[in-house]
Amino acid sequence: MGILEKISQNSRTELIRSLKFFHKILEETREGLKEDPSDKKLQVILLETLIKIIESHNYMYSVLDAPSIPDAEYDKLFLELQKLELRCPDLVTAHSPTQRVGATSLVKFPQITHRLPMLSLSNEFDMASVEAFDRRLGEKLGTDNIEYEVEPKFDGLAVSLCYENGFFIAGATRGDGETGEDVTSNLRTIKSIPLRLHANSQNNIPALLEIRGEVLMLKEDFRELNQKQRKKNEKVFVNPRNAAAGSLRQLDPKITATRRLTFFAYGIGDSRGEGIPRDTHSNVMKYIAAHGLPIAKECDLVCSSAGLLAYYKKIEDSREQLPYDIDGVVYKVNDLAQQEKLGFISRAPRFALAHKFPAQEVITELLGIDIQVGRTGALTPVAKLKPVFVGGATVTQATLHNEDEIKRKNVMIGDSVIVRRAGDVIPEVVGVVMERRPDNAYQFIMPDQCPECGAKAVRMSNEAVVKCSGGLLCPAQKKQAIIHFASRRGMYIEGLGDKLVEQLVDAGLVRTSADLYLLDEDKLISLPRMGKKSAGNLLESLRKSKNPTLAQFIYALGVPNVGVTTARELARYFNNFSSLEKADVETLQKIPDVGLIVAQSITEFFIENHNIDVVRKLFSVGIELIENLDAQKTQDNNNTSLINGSTFVLTGTLPNLSREIVTEKIENMGGKVTSSISKKTNYLVAGNAPGSKYEKARDLGVTILNEGELLELIQN
Ligand code: IVH
C-alpha cells in the first residue's frame, strides 16, 4: 500500500468518526441557539463546528478523492456558515472556507522573496544516464544500493506555501527561484490547499512550514473549462498547464475561483518546530500528508537503478490513466543525511533527478490543409505537417477538428504550429506560435464541395461541421462506415485495417459491412499483395467476430451520435435488438444520456431502407448477438452480482473471447477493468502467456480466474 493510500484510509475513518462527533455538537448548538440566538459562546461553537465540518468535506473531496456527502448537503452547510458570518461579522476569520475568495482585484502581483531558494532539477531522458546517475551517487556514498523516494513529475507550476502556526499566510510562484509573485489570494481559492493545517497524530503543529509543490489543472477540469470557453466564444487554452498558469496568474481571485485548480505537494522548504522529520524524504512526505496536504498516490520507494527504471516504466504505462499531466518522474535519494552529503551543483541538487518522457508537444510547420471525409460525411480539415517526432512517433498529419476551430486558433497555412500527441489520442494542432508567422502565411478556405465525390458540402446552421451531402454514394463515407464497423470497439475484426477496406471497396468486393461476411479466399487473393495466409487470417477474424454483444453491434452500426457509452446504455435498456429497432423518440429519451437529438438520430437511422437492408443482411450472413443476458442480470441483481463493484485486470490471451468482449461484459455488469494490479484489484483474468501481472496478483493474494471461471462468474 502506498504512503497516501495508508494515510487516506486512516484519515477517512478518523474523519468520519470525528464528523459524527461534530454533527452532534452542531445539532446541540443549533437547538441552544433556537432558545437564545444571541448567545455569543454558542455562536462561536456553531461557527467553528461548521468550519470543521465543511473543511473536512473539502479534504475528503479534494485531497482523498472520496467525498462522503452529496454536493447539495455541502452547499447547505456552507450557506448556514455564510448566514452566521453575515449576522455576526466580528466572527469572520481568515481560515473560514467562506473566505477562500475574499480579496479584491490587484493591479500587479507583489513580489515575495523565498525563505529558501526554489531550485531546479537536473534532467535526463535515457536509461543509460539514469544508470550513470545511480552509479555516480553510489561512488560518492560508498554503497551500491541507494534507496530512492520516487514521484511523478507534475506538469504544472511550482509554488511555495507558507504556514505559520498552522495557518496559511502566504504563497508564491517560483519566479526566478529567489523571488516569486505573491499569489496568496489565488492559492486560497484552491480547495485542496488547507487554510489551516490538520493536526497530525502527535497533535503538533509546526511554528513554520513551507510546503513546496505544484499547482495544476486536472485533465477533466481542463476539458470542461475549454468547453465552457468555447461556448462563450472565449480563449481556449492549449493544455492543462497553460490553463493552470493563466488561472493562477489572474489579478482577480474571483476568476481564479471559477477555475478548478489542484495542488500536489512534493517537499518542504524552510521549517521550524517539533516533530518535523529530519531522517528521510518519505517521512517528510508522510508528515506533509498527515497535515492535510495532497501528495501523489504514486509516490513510492525503490532501490538501485533497476528500481528507478521499473518505476519509470510503470508510470509511463499508466500515464494516460492519471488524472493530471506529467512530463516524467523524479528520483530523490531518500536518506536526508545522504542528501546532505551529496549537496548541490549550481542550482540543482545532486541527490535528485528528473527522468523526463519524450515531449508530447512540439513545434513544426503547417505545410497545408487536406480534407478528410468521415463516416457521417463530416469534412474534417487535417493539417499536413513537416514531419516531426512527438510523443514517441513521427507525425505528418494532425486534426484541426473543424472550420470554427481553425478560426478560433487563428491557424494559417505556413504557420509554426504546436502539435500535441499524447498516448492513443489522434495528434492535434493545439495552437500557433504567432511571433513566428511568416509574411506569406495564408488563410484556409473550407471547400463547398466534397473532395471525394463532388457532392455539395453543407453546413447546418447550428452545427460546426460541414457535411458531404452524397450519403452512401460517396465512396469515402462508405469506406469509413466499414472501418468503423470493424473497429476494436465495434465488431473487432482483427487485421481489417483502413488500407484493406479501401482496397475492398475500390475493387467492388464490398459495398456494405454485410458484404464482408460474403468474402472468400478466391475473392481476397484477387487483391494485390494478398496471399493465402493473410486471406485465411482475415476469414478467421471475420468468423470470430460473428458473436458480438448487443452493445458492440449497436456501436458498430455507426448510428450518428451513438458512441460506445450510448450503445451500452441502449443495450442495457432494451436487452434485444428488435426492441431497439422499434423504439420511438419518447421511449428512447427515457434512457440516461439520451436526449432529443440522439433519440432522433436513432429513429431516423432505423427508418432508412438502406440501413434496414444492411442489418437484415448481417443477420442473414450469420451474425448472432450475445443479447444482453448480462444487462438483464445487472438490472435484476445489481447488488448481489459478484461482478458489480469489483475491479478486474486482464493479462495474456484468452482462448475464445477478445479483451473487448470481456471488458464489455464486466462493465455491463457494473464491474471495472483497470490496467494495473494493486491491493484493490478483486480479480485477475489470466489467459495464455500472462505477463508480470500474474506474479504480482499471486503475491498480493488477488483471485486469479481463467476464461471459463470468468464466464461462470458472469452467469452465476
Ligand atoms: S522536487 C530541488 N518533485 O520540476 C528541486 N519537483 O526542475 C525540488 N516538479 O519547477 C523539486 N514535480 O516544480 C520536485 N515531484 C516533483 C516535481 C517537481 C514537478 C517541478 C518543480 C520545478 C521543476 C524542477
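Structure: see above.
One structure accompanies this document, and this report is about it. Because the structure is predicted, anything quoted here is derived from the model rather than measured.

The rules we used
- Residues numbered from 1 in each chain as written.
- Predicted model: local features only at pLDDT ≥ 70, side-chain atom pairs only at ≥ 80, totals over all residues.
- Heavy atoms only, no water.
- Helix = DSSP H or I, 4+ residues; strand = E, 2+ residues; numbered from the N terminus.
- Rg over C-alpha atoms; globule rule 2.2 N^0.38 Å.
- Buried < 20%, exposed > 50% of the residue type's maximum accessible area, 1.4 Å probe, protein only.
- Contact = heavy atoms within 4.5 Å.
- Near = heavy atom within 4 Å.
- Polar contact = N/O pair within 3.5 Å; in protein donor to acceptor, adjacent residues only side chain to side chain.
- Areas by Shrake-Rupley, 256 points an atom, 1.4 Å probe, with all protein chains shown as cover.
- Nonpolar A, V, L, I, M, F, W, Y, C, P; charged D, E, K, R; others polar.
- Axes fitted to C-alpha atoms, helices over the stretch in contact; angles between N-to-C directions.
- Parallel < 35°, antiparallel > 145°, perpendicular 65-115°, else oblique.
- Left-handed = near helix turned anticlockwise from the far one by under 90°.

What follows covers the overall build of the protein chain. Helix and strand content of the protein chain: 26 helices and 24 strands. Its C-alpha atoms give the protein chain a radius of gyration of 29 Å, near enough to 27 Å, the size a compact globule of 716 residues would have. In terms of its C-alpha atoms, the protein chain occupies a principal-axis envelope of roughly 85 × 65 × 60 Å. Across the 716 residues that make up the protein chain, the buried fraction comes to 49%. Taking contacts inside the protein chain between residues at least 6 apart in sequence as the whole, the part at least 24 apart equals 68%.

Neighbouring the ligand are 14 residues; L121, E151, E214, Y266 and K332 lie closest to it. Within the backbone of P152, one N or O atom sits 3.1 Å away from a nitrogen atom of the ligand. Between K332 and the ligand, the recorded distance is 3.0 Å, taken from a side-chain N or O atom to a nitrogen atom. In isolation the ligand has 520 Å² of accessible area, and contact with the protein removes 84% of it. Elements represented by at least two residues in the shell around the ligand include exactly β3 (147-154) and β10 (326-333). With 4 residues, β3 is the single largest residue contributor to the shell around the ligand. Residues that form the shell around the ligand fall into these classes: 8 nonpolar, 1 polar and 5 charged.

Here we take up the packing of helix α13 (residues 475-486) against helix α14 (residues 498-506). Across the interface, α13 lies against α14 with an axial gap of 9 Å and an inter-helix angle of 130°. Here α14 runs oblique to α13, going by the angle between their axes. Considering the relative orientation of α13 and α14, their crossing is right-handed. Contacts from K478, K479, I482 and I483 in α13 reach D498, V501, E502, V505 and D506 in α14.

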